[in-house]
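# Notes for the structure review
As a plain string of letters, each chain reads:
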Amino acid sequence: MPKIHIPVIGYKQGGRQMMTTAMSAVDLVSMVAKPEAWDPVKTTAHGNRPRDNNHMAGIVNYLETEEKFVLGAAVLYLTSKEAEFKPIPVPGVTTEIDAAQVGTLAIDIGAKFDIGDGQHRIGAYEKIVQGRDEDDPLIERLRTSGQPLIIVIEDDPKHRAQDFADLQRNVKAPTASMGQSMDRRQPINRELADLFDDVPLLQDRVEYFKDNPGKLSAKAFSFKTVRYVSGLLLVGNGYRSPATMDKAVNAHFEGDKGDPEKARAALKDFWTSLGELVRFADVVDGNVTVPELREATYLTSASVLYAIAFAVHATIADGKTSVSEAVHALDQVNFDRTTKTADITAEDTIFAGNLIDPETGKIVAGRTAWESAGALLFAEIAASIHGSDSIPAPSSAEETASA
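Let me sum up the structure you'll find in this document. (Residues numbered from 1 in each chain as written. Predicted model: local features only at pLDDT ≥ 70, side-chain atom pairs only at ≥ 80, totals over all residues. Heavy atoms only, no water.)

### Section: the overall build of the protein
Here is the rule we go by: What counts as a helix is a DSSP run of H or I of at least four residues, what counts as a strand is a run of E of at least two, and both are numbered from the N terminus. In this treatment the radius of gyration is a C-alpha quantity, and the globule benchmark scales as 2.2 Å times the residue count to the 0.38 power. Classification of residues uses two cut-offs on accessible area relative to the type maximum, computed with a 1.4 Å probe and protein chains only: under 20% is buried, over 50% is exposed, and between them is partly exposed. A contact between two residues is defined here by any heavy atoms of the two lying within 4.5 Å. Only the protein chains shown count as covering a residue, and every accessible area follows the Shrake-Rupley method with a 1.4 Å probe. This count recognises Lys and Arg as positive and Asp and Glu as negative, with His and chain-terminal groups excluded. For the purpose of locating charges, the reference atoms are NZ of Lys, CZ of Arg, CG of Asp and CD of Glu.
In terms of regular secondary structure, the protein is built from 16 helices and nine strands. The C-alpha radius of gyration computed for the protein amounts to 28 Å, which surpasses the reference 22 Å derived for 403 residues by more than 25%, pointing to a less compact arrangement than a globule. Overall, the protein is about 90 × 45 × 45 Å in size when its C-alpha atoms are taken along their principal axes. A buried classification covers 45% of the 403 residues belonging to the protein. Within the protein, counting contacts between residues at least 6 apart in sequence, those at least 24 apart form 68% of the total. Surface exposure of the protein reaches about 21100 Å², of which carbon and sulfur atoms provide 52%. Looking at the protein, you have 42 positive and 58 negative side-chain charges, and the mean spots of the two groups are 5 Å apart.

So this is what it looks like as structure tokens:
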């Protein structure tokens with residue numbers, strides 16, 4: 001049977017023949033079989049999970065907008081009847097005992113790769129290739145770019161499925177804090193990284209490796225928390241989807257409608273003023289450690305910070321109150337932890353019944369909790385600034401979104 005030959009580097013894992021190579025996206029999409037749905041009862045094909053169209057659309061957008069793109073290797077399968085690896089010794093470079101062997105992969109003409117891992121990447125390529133003309137600049141860019149591949153000779157469909165499970169199990173995704181702080185394409189991430197050196201409270205107190213600093217950690221907040229708090233300050237709580245909120249936040253720093261200087265000033269004023277509140281000021285001045293602050297108050301809790309940012313955003317929406325004025329008004333609020341573990345009331349803490357479970361004293365997770373707490377903090381700020389608590393507090397996402 002006629003063959004096509006692909007240059008590869010061959011190696012073995014677990015006794016199986018594997019190869020690594022690269023193909024252009026344009027060539028690859030024509031050689032891949034359409035993934036079948038996973039069904040553990042079937043034995044004719046290992047199958048795959050349903051394609052997530054939103055995820056695939058995100059990859060398409062990434063390929064369209066990012067010239068210096070990078071995509072990880074896809075895992076593809078062929079049977080021993082369809083393909084054969086033939087090593088080609090390179091004198092002075094390779095030997096028979098090397099883990100890696102330069103060679104060729106001979107594939108039957110008409111054979112199709114079975115996708116083990118990477119169906120969304122390949123699906124995105126397919127959408128682009130099928131939806132654009134041959135002379136489109138993106139098609140040309142993909143034609144001259146290589147998609148890395150790991151090709152496995154494996155006849156057993158169920159073993160192919162086991163590989164997929166093993167690949168997912170053995171990969172550790174970065175924390176949200178680490179991933180976001182490394183992603184310099186999003187303006188908010190760049191802005192925050194630049195801000196940290198200018199704000200005393202944030203200097204050396206932001207955790208990148210964990211999303212929740214430990215009880216004894218010297219870090220006060222995770223990058224994830226600082227990022228979301230900053231987003232709430234700029235756009236409020238009217239966005240339910242993280243992607244939609246990111247778009248709204250980033251819009252402050254880009255495009256014709258953005259006002260980067262104003263947004264930067266708001267963020268700097270917020271975090272600087274927060275560091276000037278009595279409890280935080282003790283940490284900045286070195287009189288109290290972060291673990292001591294964490295043990296004595298609720299101020300390092302992400303939910304409390306969300307509530308503060310929500311309240312400040314709602315306050316400054318009138319266009320008359322500054323960020324600094326709104327934050328400093330919170331110095332009248334008692335953020336100390338209550339020592340009670342039951343029958344907790346508003347006399348013990350302003351967060352009783354919203355962020356604090358009255359029966360256990362534990363912090364309650366969830367958007368409803370910090371929004372309710374934020375509404376109370378809004379009222380406290382209004383009372384401090386205007387000398388009256390008659391100003392109605394925002395009670396829903398819709399109200400702050402329209403503010």
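### Examining the packing of aromatic side chains
How we decide: Centre distance within 6.5 Å is the pairing criterion for rings of Phe, Tyr and Trp, where only the six-membered ring of Trp is used; planes under 30 degrees apart are then read as stacked, over 60 as edge-to-face, and the remainder as tilted.
All told, the structure shown has 11 aromatic pairs when counted by the stated rule. With a centroid separation of 5.2 Å and an interplanar angle of 90 degrees, the aromatic rings of F270 and W271 are classed as edge-to-face. The buried category is assigned to W271, whose relative accessible area is 0%. Cluster of aromatic residues (ring-pair linked, three or more members): F221, F270, W271 and F280.

### Let's talk about the layout of surface pockets
We apply this condition: Computed over the protein atoms alone on a 1 Å grid, cavities are sets of points where a 1.4 Å probe fits but cannot get out and pockets are open sets with protein on both sides within 12 Å along at least five of seven lines; a residue lines them when it has an atom within 4 Å of a point. Grid points are joined across faces, edges and corners, and a volume is the space filled by probe spheres set on the points. Gly is put with the polar residues, along with every residue not named as nonpolar or charged; the nonpolar set is Ala, Val, Leu, Ile, Met, Phe, Trp, Tyr, Cys and Pro, and the charged set is Asp, Glu, Lys and Arg.
Volume-wise, the largest pocket comes out at about 880 Å³. The wall of the largest pocket is formed by 27 residues, among which G58, I59, N61, Y62 and D183 lie closest to the centre. Among the secondary structure elements, those contributing two or more residues to the lining of the largest pocket are α2 (53-65), β6 (114-117), α3 (119-131) and α9 (242-250). A total of six residues in the lining of the largest pocket trace back to one element, the largest contributor, which is α2. For the lining of the largest pocket, the per-class residue count stands at seven nonpolar, 11 polar and nine charged.

### Side note on the pairing of strand β2 (residues 16-23)
To keep things clear, this is the line we draw: Should DSSP find at least two bridges between two strands, the strands are regarded as paired.
With six of its eight residues buried, β2 lies for the most part within the structure. As defined by bridge partners, strand β1 (residues 3-13) adjoins β2 across five bridges and the pair is classed as antiparallel. Each bridged residue has a counterpart across the sheet, and for G10 the counterpart in β2 is M19. Direction of pairing for β2 relative to strand β7 (residues 147-153): antiparallel, over a ladder of six bridges. In the sheet register, T20 faces β7, and the bridge partner there is I150.

### A word on the packing of helix α8 (residues 223-235) against helix α10 (residues 260-274)
Condition: Angles run from 0 to 180 degrees between N-to-C directions of axes, and those axes are lines fitted to C-alpha atoms, restricted for helices to the stretch in contact. For classification purposes, angles smaller than 35 degrees are called roughly parallel, those larger than 145 roughly antiparallel, those between 65 and 115 roughly perpendicular, and all remaining angles oblique. Left-handed is the label given to a crossing in which the near helix is rotated counterclockwise from the far helix by less than a right angle, and right-handed is the label when the rotation is clockwise.
Axis separation between α8 and α10 bottoms out at 10 Å; the angle between their running directions is 120 degrees. When the axis of α8 is compared with that of α10, the two are oblique. As α8 runs across α10, the sense of the crossing is right-handed. Residue-level inspection shows V226, V229, S230, L233 and L234 of α8 in contact with α10, the latter providing A263, A266, L267, F270 and W271.

### Focus: the environment of V129
Its place among the elements puts V129 in helix α3. For the pair V129 and S241, spaced 112 residues apart in the sequence, the C-alpha separation amounts to 30 Å. When sequence neighbours within four positions are dropped, the list of residues in contact with V129 reads V26, V29 and I139.

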